[in-house]
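Descriptive analysis of the structure
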Amino acid sequence: MKVGGYRPANSWLRRQLDTRWRRWLVVCFAGAVVVSVLMTAFIAPRQATLRMRYEIAQTTHSVDRLEREQRRLLLERESLSSPNVLTADLGTLGLAPIEPGSVAFLSQSGDLVFPAPTPTPQPARPRASRRGR
Amino acid sequence: MFNVSRMRWIVLVAFAWAAVVVVRLVQIQLVGHRTWESESARQREHVLEVEEPRGDIVSRDRRLLAGSLERVTVYANPRKIPREAWNSVASRLAPLVSQTAAGVLDQLREHDGFFYLAKDLDPQVSDEVAKLRQRGVGTLRTERRVYPHGALAGAVVGYVNGDGAGQAGLEASYDRTLRGVPSVYRVLRDGKTSPTFLDLRLETEGRPGQSLVLSLDCRIQHVVEEELARTIAETGAKAASAVVMDPADGELLAVGSLPSYDPGHLGQSAPEDRRNRAAEDALEPGSAFKPIVVAAAMSFGVLDASEMVDCSGGGVQIANAFIHDHARYGLLPVREVLAKSSNVGAIRIAYRLAPGQLDETIRAFGFGQQTNVELPGEARGIYRGPQSWSALSRAGLALGEEISTTPLQVAQAYAAIANGGRVVHPRLVLETQDRSGRPVTPYKPQPGAHVLSAEVAAHLAAMLEAVVEEGTGRLAAVPGYRVAGKTGTAQRAHSGGYTGGRHVAWFAGFLSMPSPSVVIVVCVDEPTSNYWAADVAAPAFGRIAARVATLLGLQPVAGASA
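The rules behind the values
- Residues numbered from 1 in each chain as written.
- Chains lettered and ligands numbered in written order.
- Predicted model: local features only at pLDDT ≥ 70, side-chain atom pairs only at ≥ 80, totals over all residues.
- Core = buried A, V, L, I, M, F, W, Y, C linked by C-beta atoms within 7 Å.
- Buried ≥ 20, exposed ≤ 12 C-beta atoms within 10 Å, placed from the backbone.
- Contact = placed C-beta atoms within 7 Å.
- Pairing = 2+ DSSP bridges.
- Helix = DSSP H or I, 4+ residues; strand = E, 2+ residues; numbered from the N terminus.
- Axes fitted to C-alpha atoms, helices over the stretch in contact; angles between N-to-C directions.
- Expected span 1.5 Å × (residues − 1).
- pLDDT = per-residue confidence, 0-100.

Overview of the nonpolar core
Soluble globular proteins tend to pack their nonpolar side chains together in the buried interior. Core analysis: the biggest nonpolar cluster contains 140 residues, and B:Val244, B:Val293, B:Tyr414, B:Ile520, B:Val521, B:Val522 and B:Ala537 have the highest contact counts within it. Leaving out residues up to four positions away in the same chain, B:Ala537 has contacts with B:Thr487, B:Ala505, B:Trp506, B:Phe507, B:Val522 and B:Val524.

Below, the structure is given as structure tokens:
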């Protein structure tokens, strides 16, 4: 319905501004900062722990692998340096077995002592007997 | 119409039923709580035992005689692999298990369920198989026992079976120590009762096996085995064994037994070659036993070291037997009775002793008993007490008959003569160590019991030195060292009698006088070219002694000659 001479207007209305919005904004921002700091403080060490665990797991794996390899090499070295193997390879290595007579000793007075190279005598051969000797 | 009586009955029955339920609840929840809980755990949990690494066996010069290598076994279960995926699984698995794709596919077709696809693989394969993320294919951690020195000390070290359990030698006698304690885990089962590994809980922490540190010296062991092999080759003997021992504390520096075997290649050896003859073969010692009889006579004061013994007649009549000597000797000093190995002299000395006196000395030296060396299956030897002796027994014992001894027992007896009269038991294991090398059970030398006075032991050692200087043991001499010892040739006893042509040659002795630091016993079984100990065992002793003296750095003795 139109009423003549009357024009609706709201100019008499004045918008009531909320002057507290800035404070709310500051509170929200501060809250976000606090939450972020708390979360960072909470998560960061856990993340570091997680990273360290991962690195430890990786390092442990590497240590295990290297220990296995070291073990394998140790056994191989033992095998290659076994007296039986070395004896068989003496010629190849340019070495010769040591005869007891070729070994000299330092006496307590500092003199070099060679064992007397006396030829070993033959034993007397007994007659055969049922009883042992 | 309300019937009070019927109502009472209903209430009574309800109460009775409730009482039964309550009783049953109490029975289940309180009384049988543990039983039902363990039953429930048994159904939903799977107990997993994980073996810890087996310990090493190390010689005194820190050479690794036995060790374990971690290996991997790849398994497959065709039932859990979709049939359409078999081809791709086979092609992806083949390079990891060093087989052809067709070969893997054939195995998948052949097997109806779980089977081992490949064993003894590098542990790296485990990671590669895990990356396949294929259900029905997996790996198991295993161990392979490795013997880097092959047959060296094989009979001492022993071997393990396919499950890693010791079967012979120190591997068997120290199996529990070497194995350690397995870790026990509990994991949840899935609906098909397979372990899920979702909730892996360690129930009992395991302990890795301890390592054994032996008294054996690898270099001396090698020398002994090399010289025994040479002796067998030169004499055509069936077998030979030798013991090298420290008379001060009984530590065994070498225990040789040939023919031997490589524990890592068992299939290449005959079963009869897998025994340690030094500990398991009891043989008559022959004249190597004469010093024990002389020791008994001197200990009981019925014989003086400077005395002359009547060895005339070329033989002696005992009961209905006439026992010959090697020559007609006449009167001989005691040292020459041993040097010439006079049967008559030894018998006359034995008959000065009462049976109980001879028996007491023989037992005190440890004959007829195990030496308690740490080897399985050690023979006690055969020695019957005086209650079973005949009129001839003392004569037999004087000649090293009617008694069987192992080379270890002979070494133990000669060590007592060498160290001033104390019986020290031979031992192989110095200590056990944990994985980091810390001693767990350290070595505690046991003081031996005195069987001879120091004076008697010194007289006896001097007599045995004469055996090497001027008697039957001259081939055992080592230039530069004063060696003492005794030969022994015995006929091989078999089925209650003696078999002609089969002999055992012994030489037992020590060096270097006057303070011997090593006892060596050589036993050559059934030499064919020549059976006399003087020609067979004494030279082997001499060669071993010369090389051992060099290895141990024994100072030559001034004035000593061969």
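What about the sheet that holds strand β7 (residues 201-204) of chain B?
Residue and element names in this part refer to chain B. Taken in spatial order, the three strands of this open sheet run β1-β6-β7, and their pairing is antiparallel. In the strand order of this sheet, the two ends are held by β1 (45-50) and β7, each with one partner. On average, adjacent strands in this sheet sit at an angle of 35° to one another, irrespective of strand direction. Looking at chain direction, strand β6 (residues 183-188) and β7 are connected through three bridges and run antiparallel. Bridge pairing in β7 links arginine 186 to arginine 201.

A short note on helix α1 (residues 21-80) of chain A
Along its 60 residues, α1(A) runs 85 Å from first to last C-alpha, staying within 8% of the 88 Å computed at 1.5 Å per residue. Counting buried positions along α1(A) yields one of 60 residues, so the element is predominantly exposed.

Quick word on the confidence of the model for chain A
Residues and elements named next belong to chain A. Chain-level statistics for chain A give a pLDDT mean of 78 and a share of 72% at 70 or above. Looking over chain A, one finds the lowest element-wise mean pLDDT in strand β1 (residues 105-106), namely 70, and the highest in α1, namely 92. A low-confidence stretch, residues 118-132 stays under pLDDT 50, and its non-local contacts, those more than four residues away or across chains, total 30 contacts.

Concerning the pairing of strand β10 (residues 252-258) of chain B
Residues and elements named next belong to chain B. Within β10, seven of the seven residues are buried, leaving the element largely enclosed by the surrounding structure. Bridge count between strand β9 (residues 239-245) and β10: six bridges; the pairing is antiparallel. Of the residues in β10, the one forming a bridge with serine 241 is serine 257. The antiparallel hairpin formed by β9 and β10 contains six residues in its connecting segment, where glycine 250 sits at a positive phi of about 80°.

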